[in-house]
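# Survey of secondary and tertiary structure
The chain contents come next:
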Amino acid sequence: MRADRPKQYLSLGSLTLLERSVQCLLADARVARVFVVVARDDTLAPSLALPGRCEILFAGGATRAQTVRNGLRAVQGIAAGDDWVLVHDAARPCLEPAELAALIDGGGGDEHGGLLALPVSDTVKRERAGRVAQTVERDGLWRALTPQFFRVDVLARALEQDTEAATITDESAAVERLGLHPRLIAGAPGNIKVTTAPDLLLAEAILRQQGRW
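Residues numbered from 1 in each chain as written. Predicted model: local features only at pLDDT ≥ 70, side-chain atom pairs only at ≥ 80, totals over all residues. Heavy atoms only, no water.

Let's shift gears to the overall build of the protein. Helix and strand counts for the protein come out as six helices and 10 strands. Overall, the C-alpha framework of the protein stretches about 50 × 40 × 35 Å when taken along its three principal axes. With 213 residues in all, the protein has 43% of them scored as buried. In the protein, the proportion of contacts linking residues at least 24 apart, taken out of those at least 6 apart, comes to 64%. When the accessible area of the protein is evaluated, it comes to approximately 11,400 Å², of which 50% is carbon and sulfur surface. Within the protein, one finds 25 positive and 27 negative side-chain charges whose respective centroids are separated by 4 Å. (Helix = DSSP H or I, 4+ residues; strand = E, 2+ residues; numbered from the N terminus. Buried < 20%, exposed > 50% of the residue type's maximum accessible area, 1.4 Å probe, protein only. Contact = heavy atoms within 4.5 Å. Areas by Shrake-Rupley, 256 points an atom, 1.4 Å probe, with all protein chains shown as cover. Lys, Arg positive; Asp, Glu negative; His and termini not counted. Charge placed at Lys NZ, Arg CZ, Asp CG, Glu CD.)

Taken as a whole and assessed by the stated rule, the structure comprises 11 salt bridges. With a shortest N-O distance of 2.9 Å, Arg64 and Asp89 are connected by a salt bridge. Taken together, the residues span a long stretch of sequence, with Arg64 in helix α2 (residues 64-74) and Asp89 in the loop between β5 (84-87) and α3 (97-107) at a distance of 25 residues. Judged by relative accessible area, which is 11%, Asp89 ranks as buried. Linking Glu160 and Arg73 is a salt bridge whose minimum nitrogen-to-oxygen distance equals 2.9 Å. Separated by 87 residues along the polypeptide, Glu160 in helix α4 (residues 152-161) and Arg73 in helix α2 bring together distant segments of the chain. With a relative accessible area of 41%, Glu160 lands in the partly exposed category. (Salt bridge = Lys/Arg side-chain N within 4 Å of Asp/Glu carboxyl O.)

With that out of the way, let us pick up the pairing of strand β8 (residues 131-136). Sheet faces and side chains relate simply in a regular strand, where the side chains alternate between the two faces. Bridging between strand β7 (residues 124-128) and β8 involves five bridges; their strand directions are antiparallel. Paired with Val124 across the bridge in β8 is Val136. (Pairing = 2+ DSSP bridges.)

Among the six residues of strand β6 (residues 114-119), five are classified as buried, and the element is accordingly described as predominantly covered. Judged from the five bridges that link them, β6 and strand β9 (residues 142-151) form a sheet pairing that is antiparallel. Note on β9: the bridge partner recorded for Ala117 is Ala144. Strand direction decides the pairing type here: β6 and strand β10 (residues 183-186), joined by four bridges, are parallel.

This part covers empty space enclosed by the protein. The probe, sized like a water molecule, is rolled over the atoms to show the empty space still left. Counting across every chain of the model gives one cavity of 30 Å³ or more. Reported here for the largest cavity is a volume of approximately 30 Å³. What lines the largest cavity is Arg64, Ala65, Leu159, Ile168, Thr169, Asp170 and Glu171. Grouping the amino acids of the lining of the largest cavity by side-chain chemistry returns three nonpolar, one polar and three charged. (1 Å grid on protein atoms, 1.4 Å probe; cavity = no way out; pocket = protein on both sides within 12 Å on 5 of 7 lines; lining within 4 Å. Points joined across faces, edges and corners; volume = space filled by probe spheres on them. Nonpolar A, V, L, I, M, F, W, Y, C, P; charged D, E, K, R; others polar.)

Next up on the list: the packing of α2 against α4. At a minimum axis distance of 10 Å, the contact between α2 and α4 shows a crossing angle of 130°. Comparing their axes, α4 and α2 come out oblique. Considering how the two elements wind past one another, α2 and α4 form a crossing that is left-handed. Contact with α2, carried on its side by Ala65, Val68, Arg69, Leu72 and Arg73, involves Val152, Leu155, Ala156, Leu159 and Glu160 of α4 and no other residues of that element. (Axes fitted to C-alpha atoms, helices over the stretch in contact; angles between N-to-C directions. Parallel < 35°, antiparallel > 145°, perpendicular 65-115°, else oblique. Left-handed = near helix turned anticlockwise from the far one by under 90°.)

So this is what it looks like as structure tokens:
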């Protein structure tokens, strides 16, 4: 991003990316609490304007998997093992209420849990040394989004196994290592992850189209 702060604290209109992403989760009344897990030495989080149903946890780890694992450890005694937990990227501010509702409705009825995802529509190439090594068959391929939705005890058990594994790039990957098969819930193309500076402009356009700017 070439910014002077982590991207989740960049402004997107009058709010930060993180504040908007939290708002997305709170759009569904079934979300009882939101825990924002940040680095232990984070100095920007206390300045966030978060609703009362939110709590900041200074428990972040070196990786996504470690951060989610530490967050689950921190809420022991608050969240029961058979409660459901949504894990959402702080840099996904355009999650629509209908997407979230579909995930809770669909994933919450499946003991394997679920995640928002999009079928791959582009032709996919595997690269080697800067050249095409293979055209990958795209039938059955989906692109994982967030939130991802699991029982607390299932996700905690999955992440306690090995948060160093290179294959654990999202919560579903960890749960899959338990032999489970999370349900794919179709998300919306507008549920983008802000990764580069132009993505901020795209997110603004999406939010304006959604009437949430």
